[in-house]
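# Descriptive structure summary
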Amino acid sequence: MTLLKKAPLSLLRAFEAAGRTGAFTTAAQELDLSPSAISHAIRKLEETLDTRLFQRSTREIMLTREGAILLEHIQRGFDEMQRGLSLVTADESRPLRLHTAPSFAHQWLLPRLGSFIAAHPHIDLRLSASTEYARFEQDDYDLDIVYGEPRPSPYEKIPLAVEELTPLCSPEIAARIRCPKDLYHHSLIQCDVQLYQWKGWFEANHLTPPRHYGLRFDRSFMAIAAAVDGLGVVLESKLLAERELASGRLVCPLIETTQEIHYIGHYLVFPRHQHRHFALDSFKDWLLSQLNLAQHR
């Protein structure tokens, strides 16, 4: 208890914010303090512990080995305090706010959401969907499911399922597709925001990409719906088209004879420690279990 008495919570909060963000200025903005106040608090903590916690240069700060060890334990302690406060205050009723990529929400998340609600009826879940990144501080989001590799940030990121891209179409169209070259005679549906498009698939299969496509969309769920309606062949993720494939409304006509494209399409992003919602881990564990990613829990 001696060291805890000498190192008040204000010093630990300043150290945790600086260690997590990697910048005194960012930590100061988060805690509504000046950068010099953050620097002073950390120097005082270092003097109290007689241990150097940061390596400082003119442009950046870096945790020392001792600083990294201390940061990990302090963050665990803050997490436990946050959980305790949530259980005894009105914070438990605060909605869990999820931001997600639109097609992931429409095609994969919403059809499964009933099982999460049934398992956690006390959690008030709020969903928003857009192609923008969640702004955790400004918009008060707790989690974000993003499409594509997230931009560099101080947030935690977990890669979700490895997705498989392959041509998909209605059974009626599939009956007229015997080999990859048959695609040249069909309307090809393109999703403009897809990380890998028809050009890349044709090249991966040693074929010349066509110059024209029948339909173009800016959302995968619209491209998938068009393929279900028999408007052409779409190059899409089997994860996002899982329901349509399971029901037989879409099939994979060339799955046995062509090369699929494999990639990580979506990531779960959330703040590392500060201001975490008490229900965040419940949703994260449910999401990963649904994707058979229990090893990341």
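Predicted model only: the values in this text are computed from it and were never measured.

## What to know about the state of the cysteines
For the structure on display, the rule yields zero disulfides. No disulfide involves Cys169; its sulfur sits 8.6 Å from that of Cys252, the nearest cysteine. Accessibility expressed as a relative area gives 0% for Cys169, which makes it buried.

## Digging into the environment of Ala27
Summarising the element assignment, Ala27 is placed in helix α3 (residues 24–31). Owing to a relative accessible area of 0%, Ala27 belongs among the buried residues under this scheme. Taking the C-alpha atoms as reference points, Ala27 and Ser39, 12 residues apart in sequence, are found 10.0 Å from one another. Setting aside chain neighbours within four positions, we find Ala27 in contact with Ala17, Ala18, Thr21 and Ile38.

## Let's talk about α3
Turn by turn, an α-helix covers 3.6 residues, leaving residues three or four places apart pointing in a common direction. Buried residues of α3: Phe24, Ala27, Ala28 and Leu31, and no others. Down the axis, α3 shows its buried residues gathered within 100° of arc, on one side only. Those residues of α3 that are buried lie in contact with α2 (9–21), α4 (35–49), β1 (54–56) and β2 (61–63). Backbone geometry just after α3 places Asp32 at a positive phi near 60°.

Definitions and cut-offs
- Residues numbered from 1 in each chain as written.
- Predicted model: local features only at pLDDT ≥ 70, side-chain atom pairs only at ≥ 80, totals over all residues.
- Heavy atoms only, no water.
- Disulfide = S-S within 2.5 Å.
- Buried < 20%, exposed > 50% of the residue type's maximum accessible area, 1.4 Å probe, protein only.
- Helix = DSSP H or I, 4+ residues; strand = E, 2+ residues; numbered from the N terminus.
- Contact = heavy atoms within 4.5 Å.
- Arc of directions from axis to C-beta.

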